[in-house]
Amino acid sequence: MRKLKLENSYKNLPSKLYSEVKLNPVRLPELKVFNYALATEMGLPIDFLQSEAGVSILAGNASPEGGPLISQAYAGHQFGSFTMLGDGRAMLLGEHITPHGQLVDIQLKGSGKTPYSRGGDGRAALGPMLREYIISEAMHGLGIPTTRSLSVVSTGEAVIREKMLAGAVLARVASSHIRVGTFEFIARWGTPEELKALADYTIKRHYPQLDNEENPYLSLLREVVRRQVELIVKWENVGFIHGVMNTDNMSISGETIDYGPCAFMDTFNPMTVFSSIDTNGRYAFGRQRHIAGWNLARFAETLLPLIDKESSKALQLAQDILSQYGNQHRKRWLVQMQSKLGLVGDPSEDEVLINDLLDLMLKEKSDYTNTFRALTLNQPKETNLYGTEGFEKWYDSWQNRLERQSISRNESDKMMRSTNPSIIPRNHQVEAALESAVKNNDYTIIEQLNKALVDPYAYSKDQISYVDPPSTNGLQYRTYCGT
Ligand code: AMP
Ligand code: MG
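For clarity, every value in this text was computed on a predicted model and none was experimentally measured. (Residues numbered from 1 in each chain as written. Chains lettered and ligands numbered in written order. Predicted model: local features only at pLDDT ≥ 70, side-chain atom pairs only at ≥ 80, totals over all residues. Heavy atoms only, no water.)

A closer look at the packing of aromatic side chains
Inference 1: Throughout the structure, instances matching the rule amount to 18 aromatic pairs.
Inference 2: Judged by centre distance (5.5 Å) and plane angle (25°), the ring pair of tryptophan 394 and tryptophan 398 falls under stacked. With tryptophan 394 and tryptophan 398 both in helix H13 (residues 391-403) and four residues apart, the pair spans about one turn of that helix.
Inference 3: When its relative accessible area of 3% is taken as the criterion, tryptophan 394 is described as buried.
Inference 4: The ring of tryptophan 294 has arginine 282 sitting right over it, with the charged end atom 4.9 Å from the ring centre. (Phe/Tyr/Trp six-rings, centres within 6.5 Å; stacked < 30°, edge-to-face > 60°. Helix = DSSP H or I, 4+ residues; strand = E, 2+ residues; numbered from the N terminus. Buried < 20%, exposed > 50% of the residue type's maximum accessible area, 1.4 Å probe, protein only. Lys NZ or Arg CZ within 6 Å of the ring centre and 35° of its normal.)

Side note on the environment of proline 270
Inference 1: Inspection of the secondary structure puts proline 270 in the loop between strand E12 (263-264) and helix H8 (288-307).
Inference 2: Between the alpha carbons of proline 270 and leucine 306 there is a distance of 37 Å; along the sequence they are 36 residues apart.

Overview of unusual backbone geometry
Inference 1: Within the chain, phenylalanine 79 stands out as a residue other than glycine whose phi angle is a positive 50°.
Inference 2: Non-glycine residue lysine 365 carries a positive phi angle of around 55°.
Inference 3: Here lysine 365 is to be found in the loop between helix H11 (351-363) and helix H12 (368-376).
Inference 4: Owing to a relative accessible area of 62%, lysine 365 belongs among the exposed residues under this scheme.

Here we look at the pattern of salt bridges
Inference 1: If you walk through the whole model with that rule in mind, you get 25 salt bridges.
Inference 2: Salt-bridge contacts for arginine 409 lead to glutamate 403; the nearest nitrogen and oxygen are separated by 2.8 Å.
Inference 3: Classification of arginine 409 by relative accessible area gives partly exposed; the value is 31%.
Inference 4: Take glutamate 403: its relative accessible area is 57%, and that puts it in the exposed class.
Inference 5: Put simply, Lys109, Glu132, Arg172, Arg179 and Asp258 are held in one network by salt bridges that share partners. (Salt bridge = Lys/Arg side-chain N within 4 Å of Asp/Glu carboxyl O.)

Things to note about the domain arrangement of the protein
Inference 1: Under the domain assignment, the protein is made up of domain 1 (9-177) and domain 2 (195-483).
Inference 2: In this structure, domain 1 and domain 2 have C-alpha centres spaced 25 Å apart.
Inference 3: With 46 residues of domain 1 at the interface, the matching set in domain 2 holds 55 residues.
Inference 4: Both faces considered, domain 1 and domain 2 share a buried interface measuring about 4000 Å² in area, 62% of it formed by carbon and sulfur atoms.
Inference 5: Three residues stand out in domain 1 for area buried against domain 2, namely Phe79, Arg131 and Leu142, and they jointly supply 20% of the buried area on that side.
Inference 6: At the surface where domain 1 touches domain 2, the tally comes to three salt bridges.
Inference 7: The shortest N-O distance in the salt bridge between aspartate 258 and arginine 172 comes to 2.8 Å.
Inference 8: At the junction of domain 1 and domain 2, the tally comes to 18 residue pairs in polar contact (both at pLDDT 80 or more).
Inference 9: If you list the elements that add at least two residues to the side of domain 1 that touches domain 2, you get strand E2 (30-34), strand E4 (75-78), strand E7 (103-109), helix H4 (126-141) and strand E10 (164-174).
Inference 10: Among the residues making up the side of domain 1 that touches domain 2, the classes are represented as 23 nonpolar, 14 polar and nine charged. (Domains from an automatic or database assignment. Contact = heavy atoms within 4.5 Å. Buried area = accessible area lost by both parts, 1.4 Å probe. Polar contact = N/O pair within 3.5 Å; in protein donor to acceptor, adjacent residues only side chain to side chain. Nonpolar A, V, L, I, M, F, W, Y, C, P; charged D, E, K, R; others polar.)

Focus on the packing of helix H5 (residues 180-189) against helix H6 (residues 192-206)
Inference 1: The interhelical angle for the contact between H5 and H6, taken along N-to-C directions, is 155°, at an axis separation of 8 Å. Taken together, H5 and H6 sit at an angle that is classed as roughly antiparallel. Taken together, the residues of H6 that come into contact with H5 (itself represented by Thr182, Phe183, Ile186 and Ala187) are Glu194, Leu195, Leu198, Ala199 and Thr202.
Inference 2: Class assignment of the residues belonging to the contact of H5 with H6 gives a composition of six nonpolar, two polar and one charged. (Axes fitted to C-alpha atoms, helices over the stretch in contact; angles between N-to-C directions. Parallel < 35°, antiparallel > 145°, perpendicular 65-115°, else oblique.)

Points about the site of ligand 1
Inference 1: Every one of the 18 residues lining ligand 1 counts as a neighbour, but Gly86, Gly88, Arg118, Asp121 and Gly122 are closest to it.
Inference 2: At 3.2 Å, a side-chain N or O of arginine 89 approaches a nitrogen atom of ligand 1.
Inference 3: Separating an oxygen atom of ligand 1 from a side-chain N or O atom of aspartate 258 is a distance of 3.4 Å.
Inference 4: The protein chains hide 87% of the 490 Å² of surface that ligand 1 would expose on its own.
Inference 5: Counted by class, the shell around ligand 1 contains two nonpolar, eight polar and eight charged residues.
Inference 6: The residues that make up the shell around ligand 1 include at least three from each of domain 1 (9-177) and domain 2 (195-483). (Near = heavy atom within 4 Å. Areas by Shrake-Rupley, 256 points an atom, 1.4 Å probe, with all protein chains shown as cover.)

Here it is as structure tokens:
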């Protein structure tokens, strides 16, 4: 049987960037969820991973072939304050080369203490690890760059939080775990050579096309900005709220990373916050675009010494890129919103139409997903806007606008169907699935939910049972960091 053999390219980086770690075995590992589709896509040895020896690795009880395990060092701005962090409850099993030749990290989360654990126990609870599995896979289904989830293994051990909870280890796959915080760490505590080594590694791994550019580090900044714009707009398209956009939770590759207190918005309101610790709404739905810009400025600061020897020139060059961020985001967002309404053409002409709809939705407390779902299905009566002041006029102007464009009505419908999801992982449904798994050891509801979310744009019959928003006011839903 083919075993799991992994690479270790991160170990070629300056040793300050990681620590070798020992295994912290758990008592009774049991494979609870396994992602066949992902394992197949990645060309992993599926039979082996499901065998006792394989589950041992996925639980952090044994090492795969390929060298020592490491935890990564990073710093970060948490709610605006700079601090030293690092993988406090995670370790990198190694890197795997997919059949497409892509190098991806396989990391365990909840695998025990590391030199970066500070006061924490290095462990994770089953509920939050299953939640990361469900949401990250749903994000993938929604076509949003994200880390993936390979497996969840229960540990047979309790973790102590406010109460005793069942422990678990998540295996997650990422195109890398290099964060803005990784750059902040080495910029603060490393030498210029160490910073350069990280930047060169990042370029080689994520942006190889920049290698021959005149100023690859400036180009790196430009590309990271571009990918973040894409990511934020995609979050906005589906009402995703990350919840804790600290710089250590922003990946340089442009993937969504670190699913803690994230949640999907039901009722449209840019000020929506679910995270119990985000008391000032720093990471509210509508603020994510600004926070991403703030985080990118922290990233840019770390690159300054590489961008130009002359600091004032480096600053000017970086600022030129950052100053375009707001506009770049606005343009890209408008095009995305146009797609939601089946429109093509000069986006600035549709800005009023788009904002008028959002204003109506805010006023009427409309469900974000279901409003666009109903418009997609050409069922305006199904929205709660129907019959309210202003909607008829808006609807008529939208219909007029649809007639006045270069694409056919049919193409327009197709565009809306592939932009507006029929379903999202709604908080109340995710909670119900988790409860059944954690309390009753019944994983059928999770499996059904995951299946429905494989293609959220399918508009299939079996998705209808996931369409309804929560019956009580979903805004009262609270999420926790799951630590
Ligand atoms: P997060 O909020 O998940 O992004 O985590 C922020 C920091 O806290 C990271 O450095 C984590 O590794 C660390 N951390 C979170 N939970 C634990 C835990 N149970 N034990 C040790 N460190 C943790
Ligand atoms: Mg984190």
